[in-house]
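Okay, here's what each chain looks like letter by letter:
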Amino acid sequence: MAMELIPIGTILAVVTNQVIKTAQAAKDIVIEKESFKVLSKHLFDIEPVLKELQLRQLNDSQAARLALEALDADVKKANNLVEKYKNRGRFYLLVKCRHIVNEVQEVTRDIGRSLAAFSIANTEILSGISDQVNRLQSEMQKVEFETSHSQLQIVDRLNQGLRDQKRDQCFANDMLEEIARAVGVPVEPSEISKELASFRREIEEAGNRKERAEVFFLEQVIELLSQADAARDYEEMKKHYFQRAQVIERYDTQKEYIPPLKPFICRISGEVMDDPVSLCTGTTCERAAIEARFDCGMKTDPETGDVLEDTSLRSNLPLRQSIDEWRELNYCLKIRASQAKLSSGVDLKVVVALNQMQELIRENSINKDWISIGGLTDSIISILGSSRNREVKKKILITLKDMVEGHARNKEKVIEQQGFDYIVPCLGRDPTISMAAVELLYELLQDRSKWNVCFCRQLSLQSSAILFLVTLLKGPESSRMSLLRALVIMDLYDSNLKVLGEEGIIPPLLSMVASGNIELKELSLSVLVKLSGCRANKELIAAGGDGVKYFVDEDGAQLELEPIITQLLALQQSTNSSNNFRKPALHALLGICRSEARLVKAAVLTANGVSLVLPLLDDPDSEVREIAVSLLFLFSQQESQGVVDYLLKPKRLEGLVGFLENDCNIDVKMAAAGLLANLPKSEVSLTTKLIELDGLPAIINLLRSGRMEAREQALSALFRFTDPANVESQRMVVKHGAYPLLVNFLKAGSVIAKARAAALIGYLSMSSPKLTVVSERTSCWCFRTSRLPVCPAHGGICTVTTSFCLLEANSLPYIVSLLHDKVEATAYEAIQTLSTLVQDGCLQRGAVVLHEAKAIEPVLDILTWGTDSLKEAALGLLEKVFGSKEMVENYGTKARYLLVGLTGGNVHDGGHLGRKVAKVLSLLERYSKSSTSIIPGLFG
């Protein structure tokens, strides 16, 4: 009632301000920027529509008020969404990115639907900008947002890790680093701790909202990320350790364990609790145990048996802290006891100490740091060098591997203590010791998901390591996999490569390529590629057989090529690589990526292919530049923004236009056009610069000759120049002779070419009504001069060059013929283009033109064979056509029959298609000679 008292002009002003405010705020969201940016753009596009209404006399009708109130509600919903995510923690926003994108997409569509209803309620006032409004509301209702591939990859990997219950520190380090880099947070303990604190607040708020599933998921994430190195401040950790160590000094040196206090024990499971919670009765239990009990229907106190009136749970933080302190004191007791055993010099005691250390690491990853702080790492490295006991050596190697796994600080400590000097000699001992040494070396050389180049160089300086590895490769099958991994990552000089070949490493590698399992084949092939860098080894490899077979297994199945792609890309990054190596690697990379689309995705998302290939556009070697363009064309299908940013730098776009003008290599021209087609059309500055640099005529020239595939890419590139919002750009396209070429594609092109040509003609035709010159009439017949013929569709003087009229271009018969082909892709674009002839202001004339071109019958036929989306498009066109009484009289009978059959007689089915059908039927009823509706209940 209160809203009815407010003048409609005031409501309109309030809504306009809300739209501007929300549009401005949406630009500043840090996560899912693209989705919020599109929402912001659409809201800014709505602003002039509302301003237009403010300048005119808005009808104060009930329909107008309801439509305005609905629009206001949806814009407020969008504003609430912006406020909701504006100041949230970045880690939280990334983890929830998929959900956020869905919310933004839904609210954008809702605003589009409200805008559509609003425009219907104000048809007369908005007549001057109806096409703009219709296009805007249509775009908003159909909008589809996607999270960036790189963010989705991180989230999917995190979710998979949680499902697989991966809790190792290596995985935690990788995930934390990937998440931090993705959201622009430095991987520093101080910054990470802020983000994790914010993340914990999200968990508390989700708990307050009683969102149990959300709390459970977020707790899993924080538990994993908290294990990463960067999540722990090393100085604070040392301080904490020494505080606990000081407490245990008052315990007897023989004591290794403090029993738990009774309150630490869960009343249900009988085990020490990890997450104690209190019931309303004061009884404390393990959260998982009491929740499982409740799920089974047991709502009683586990200690007293009394029925619980309240089943809510409260975290018992003081008790949890006491339990954590008890555990930490026991860790310190075990570390102290282990140090004493290691210092005894007795092999049996040393083995017991090593077992205790392994147990500590399994219990809590913090013990990797505490063991090292307590001096145990230094002790066991020293023992490794001096002990003659095989069991002790093997145990030390295994324990060290557990210590350094995913832990950068411990790896550095092992290397600083001359660990290689003691580990490498173990390669030459019995198989069990050598295997443990290889696995430790492999772990030491890894740096999260990459290889530690510095450590690899240090190992390669140990010449004895090379000989030991060759010897082991000829030995037991069980050791080969780890040995190959080590060889792949080692930074080997020519002298090392030659030694490997001379010592006989190549024959066993060729044997493994021919008969090993898939992983063994891949590793062997990678080592052979590395060895081929030495000329002497090339002869040995060639003597071993035909190289083609190395890419398939014994069944002819292709090897996994993703690791090879990564290596080929990495070779481009190396400043030491000459073109003799880089060019063959680029050719191989291009061939592999062309072979399968998923490999392109791997190259872009896993190996940062775009950033590695972009600099090659500036390479002095023309062949390298041409291959780079072809690769970027493939890569831009997955990731385009980085390419845009690079091309907008000085002199870069000129180079790309040069590729379009390259008459010597049609493949390069096609790749350049395809690259431009894949770049966002919203980048207006890119389009403007291309016109300035004569990129447009170069693209149009590509339409005149060459393979159809190249022409298809050129057609796709033209879309950025035919935006109806930029008439001058459209004029340039027509001026350079594109229109007759587009018509030729309608006559004799591929399905893709026909569809794209029809769509481009449709874009041009949308501008025709405002460009048509209205014919002036004189009042006296004696003063009339011969006039140019009036366009039957646009009611004025039309030409191809001035108004882009599709009738003048003689394209209408060929567009109609696309409907008869019954191919969805071409039929859809044909309908969209035909719809431009029945825009507001020329609806009656356009309907007659379509009737005379025999276009309406095949549109009706689509209702019998098309997909739902194609039928919806056809109904949209019919809705405009049947605004003409004459068309209803000509096609009404057939249309009614098909429409009723389309919904099974029930036009109230509530679906989108059903609503479209009802709308068209209502138009038919308006002009029906009979006053009786053919569908009872349709009109009241």
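Quick note: structure is the one above.
In this text the structure is predicted, and so the values were computed from the model without any measurement.

A. Broad picture of the overall build of the chain. For the chain, the helix and strand inventory stands at 51 helices and seven strands. For the chain, buried positions account for 49% of its 940 residues. If you sum the accessible surface of the chain, you get close to 44,200 Å²; carbon and sulfur atoms cover 51% of it.

B. Representation of the sheet that holds strand β3 (residues 314-315) within the structure. Strand order across the open sheet formed by three strands is β2-β1-β3, with antiparallel pairing between neighbours. The outermost strands of the open sheet, each flanked by one partner alone, are β2 (284-286) and β3. Along the sheet, helix α13 (residues 287-295) makes contact with β1 (276-278), β2 and β3, crossing β2 at roughly 90°.

C. Geometry of the pattern of salt bridges. In total, this model carries 32 salt bridges according to the counting rule given. Taking the shortest distance from any N to any O, the salt bridge between Arg 98 and Asp 156 comes out at 2.9 Å. Here Asp 156 lies in helix α8 (residues 149-163) and Arg 98 lies in helix α6 (residues 97-121), a separation of 58 residues in the sequence. You can call Arg 98 partly exposed: its relative accessible area is 36%. We note a salt bridge from Glu 106 to Arg 113, for which the minimum N-O separation is 3.4 Å. With relative accessibility at 40%, the residue Glu 106 sits in the partly exposed group. In this structure Arg 113 comes out as partly exposed when scored by relative accessible area, which is 37%. Linked by salt bridges that have partners in common, Asp 74, Lys 77, Glu 106, Asp 110 and Arg 113 make up one network.

D. Spotlight on the packing of aromatic side chains. Inspection of the entire model under this criterion finds seven aromatic pairs. When the ring of Tyr 92 is compared with that of Phe 199, the centres are 6.5 Å apart and the planes differ by 70°; the resulting orientation is edge-to-face. Placement of the pair is Tyr 92 in helix α5 (residues 90-95) and Phe 199 in helix α10 (residues 189-208), with a sequence separation of 107 residues. The class for Tyr 92 is buried, based on a relative accessible area of 5%. Residue classification places Phe 199 among the buried residues on the basis of a relative accessible area of 0%. Ring geometry for Phe 719 against Tyr 763: centres 5.7 Å apart, planes inclined by 75°, an arrangement best described as edge-to-face. Of this pair, Phe 719 sits in the loop between α39 (708-718) and α40 (727-735) while Tyr 763 is found in helix α42 (residues 751-765), placing the two residues 44 residues apart along the sequence. With a relative accessible area of 33%, Tyr 763 lands in the partly exposed category. Within the aromatic cluster, the residues linked to one another by ring pairs are Tyr 241, Phe 242, Tyr 331 and Trp 370.

Analysis parameters
Residues numbered from 1 in each chain as written. Predicted model: local features only at pLDDT ≥ 70, side-chain atom pairs only at ≥ 80, totals over all residues. Heavy atoms only, no water. Helix = DSSP H or I, 4+ residues; strand = E, 2+ residues; numbered from the N terminus. Buried < 20%, exposed > 50% of the residue type's maximum accessible area, 1.4 Å probe, protein only. Areas by Shrake-Rupley, 256 points an atom, 1.4 Å probe, with all protein chains shown as cover. Pairing = 2+ DSSP bridges. Contact = heavy atoms within 4.5 Å. Axes fitted to C-alpha atoms, helices over the stretch in contact; angles between N-to-C directions. Salt bridge = Lys/Arg side-chain N within 4 Å of Asp/Glu carboxyl O. Phe/Tyr/Trp six-rings, centres within 6.5 Å; stacked < 30°, edge-to-face > 60°.

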